[in-house]
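Residue strings, one per chain:
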Amino acid sequence: MDLSQQLTVQLKEMERLVDAETGAILFRHPTLRGIPDLVVEGDGYTLEFIGPTLLCLDIQDPSGMARLLAEPVKAQLPIGV
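This is a predicted model, so every value here is computed, not measured.

Focus: the pattern of salt bridges
For the structure on display, the rule yields one salt bridge. Here R28 makes a salt bridge to E15, at a shortest N to O gap of 2.5 Å. You can see R28 sitting in strand 2 (residues 25-28) and its partner E15 sitting in strand 1 (residues 15-18), a full 13 residues away along the chain.

Right under this line is the structure:
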């Protein structure tokens, strides 16, 4: 199982919270607590990990996350599409 598949499985098990005022979405591991070992900040999102496990995914701007997810798809499209 590659990293993207592992993250997909982990996200399915996470709690989802939505901020009604800002529209931000937070996926949080329901049982894991502590200080993250790794924090990855991107264009409108933040990923926090404890070891190989995703602690939380905070999406402040869904368009930034969509661009990130679209890159692997664009690489598989035929040229000219």
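Resuming the write-up.
Examining the environment of Q60
Mapped onto the fold, Q60 is located in the loop between strand 5 (53-59) and helix 2 (62-76). Judged by its relative accessible area of 39%, Q60 is partly exposed. Put simply, Q60 and L26 are 34 residues apart on the chain and 8.5 Å apart in space, counted from C-alpha to C-alpha. In this structure, Q60 is in contact with A24, G44, Y45 and T46, ignoring residues within four places of it in sequence. Polar contacts involving the side chain of Q60 include one to the main-chain amide nitrogen of Y45, which spans 3.3 Å.

Conventions we followed
- Residues numbered from 1 in each chain as written.
- Predicted model: local features only at pLDDT ≥ 70, side-chain atom pairs only at ≥ 80, totals over all residues.
- Heavy atoms only, no water.
- Salt bridge = Lys/Arg side-chain N within 4 Å of Asp/Glu carboxyl O.
- Helix = DSSP H or I, 4+ residues; strand = E, 2+ residues; numbered from the N terminus.
- Buried < 20%, exposed > 50% of the residue type's maximum accessible area, 1.4 Å probe, protein only.
- Contact = heavy atoms within 4.5 Å.
- Polar contact = N/O pair within 3.5 Å; in protein donor to acceptor, adjacent residues only side chain to side chain.

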